[in-house]
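# Breakdown of the fold
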Amino acid sequence: MSIEISGVNKRFGDFVALDDVSVSIPSGRLTALLGPSGGGKSTLLRIIAGLETADSGSVEIEGVDATKLPPQKRNVGFVFQHYAAFKHLSVRRNVSFGLEIRKRPKDEIRSRVDELLALVHLEQFADRLPSQLSGGQRQRMALARALAVQPTVLLLDEPFGALDAKVRKELRDWLRRLHDEVHVTTVFVTHDQEEALEVSDEIVVINEGRVEQIGSPDDLYDRPANDFVMRFLGPVTTLGDQLVRPHDLHLHGGDPEPGDVTGTVTRITRIGFEMRLEVLVDGGPVTVTTTRNAFLGLGLEVGSTVVVRADPDASTVGAGAVSAGAKAS
Ligand SMILES: Nc1ncnc2c1ncn2[C@@H]1O[C@H](COP(=O)(O)OP(=O)(O)OP(=O)(O)O)[C@@H](O)[C@H]1O
């Protein structure tokens, strides 16, 4: 394991930001800290970086007890949402800064920075000032700068949070490819479940200062530990006393079999290639999503009677055990 966080507690006054958090972060992987705003993700990342100190508990980085080490002794690279570049220095000098203050030989600095600029696809912008870059390019520069000093761990706090959706998506793909090339242990904070599912090897779900679940994107999506994780990772609907994903429900016009429920279509919405239907059954409204072709094949309209069946492989969790976090969402 690259980072071992054991029994970390952190309060701000009376407010409990982290409550007995223990997480093992594997070496060489891309791990997301995912959760709703205010859940404690950034606080945990800052504790790993040494920018914040835990009230109790410990942080080990590559086998070294880092709990009391200052940030500069932890060998971590850090990128924030709003990157503070040196405005008067060129992109090249921004990237080389960490190497210059470490007094590395000039030749070594030049070749290392060339390598990094190529890695983040900014070679042609080396002589520009940060103000002459787009937001996405600036974040790539920030990553190159963080990687320059060969950190053991790269910590990213919503690095693409301030960018528009399209650039954000491009950078997300790019980060995954970069990581596949560089393999530095990376921890990134996001509140965007799609970003976490798409990019990371491991996801730590954090809510109200506690870890709700740790696992691969598949583990979390297919086997959510509780209703909070299930709700947070994607759309859900209630069927009987179970939470289920709307795309795991199927509609048919035949006779109901055991486990099926019959209802009336109350609403039909088209969302791109998908159709979303609200079906009123005995227990209340159920949302079902289906393809447009399947929908057309059924010949449904508002007022039609239809049978709802859950896919036998659907992941479900009990809807009754609503946690405090899920209630608030
Ligand atoms: N320095 C501080 N002083 C007081 N309260 C703080 C401080 N830093 C964080 N908090 C509080 O701790 C809680 C957790 O904050 P944190 O930034 O870790 O959450 P987060 O999950 O990263 O959320 P976001 O995605 O909004 O940044 C929040 O309620 C926040 O207001």
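Our subject is the structure listed above.
Residues numbered from 1 in each chain as written. Predicted model: local features only at pLDDT ≥ 70, side-chain atom pairs only at ≥ 80, totals over all residues. Heavy atoms only, no water.

### Focus on the layout of surface pockets
Using the following cut-off: Cavity and pocket criteria rest on a 1 Å grid covering protein atoms alone: a 1.4 Å probe that fits but cannot get out defines a cavity, protein on both sides within 12 Å along at least 5 of 7 lines defines an open pocket, and an atom within 4 Å of a point defines a lining residue. Grid points are joined across faces, edges and corners, and a volume is the space filled by probe spheres set on the points. To qualify as a helix, a DSSP run of H or I must reach at least 4 residues; to qualify as a strand, a run of E must reach at least 2; elements of each kind are numbered from the N terminus. In this classification, Asp, Glu, Lys and Arg are treated as charged, Ala, Val, Leu, Ile, Met, Phe, Trp, Tyr, Cys and Pro as nonpolar, and every other residue, Gly included, as polar.
Approximately 560 Å³ is the volume attributed to the largest pocket. Around the largest pocket, the lining comprises 19 residues; the ones closest to its centre are Val 76, Gly 77, Phe 78, Arg 145 and Val 149. Mapped onto the lining of the largest pocket, the elements with two or more residues apiece are strand S6 (76-79), helix H2 (91-101) and helix H4 (135-148). Classifying every residue of the lining of the largest pocket by side-chain character gives 13 nonpolar, four polar and two charged. Lining the second largest pocket are 14 residues, with Tyr 221, Gly 234, Pro 235, His 247 and Glu 274 sitting closest to its centre. Counting residues per element, the ones that place at least two in the lining of the second largest pocket are helix H6 (193-199), strand S15 (274-281) and strand S16 (284-291). Looking at the lining of the second largest pocket element by element, the count peaks at three residues for H6. Taken together, the residues of the lining of the second largest pocket sort by class into six nonpolar, five polar and three charged.

### Some remarks on the packing of aromatic side chains
Definition in use: Only Phe, Tyr and Trp rings take part, Trp by its six-membered ring, and two of them pair if their centres are within 6.5 Å. Stacked means planes under 30 degrees apart, edge-to-face means over 60, and tilted covers everything else. Burial status follows relative accessibility: with a 1.4 Å probe on protein chains alone, a residue under 20% of its type maximum counts as buried, one over 50% as exposed, and anything between as partly exposed.
This model, assessed by the stated rule, comprises three aromatic pairs. Summarising the aromatic geometry, the rings of Phe 78 and Phe 80 are spaced 4.4 Å apart at their centres and angled 45° between planes, so their arrangement reads as tilted. For Phe 78, a relative accessible area of 17% translates into the label buried. By relative accessible area, Phe 80 is classed as partly exposed at 34%. Between the aromatic rings of Phe 86 and Phe 97, the centroid separation amounts to 4.5 Å while the plane-to-plane angle is 50°, which identifies the pairing as tilted. Here Phe 86 is found in the loop between S6 and H2, whereas its partner Phe 97 is found in helix H2, with eleven residues between them in sequence.

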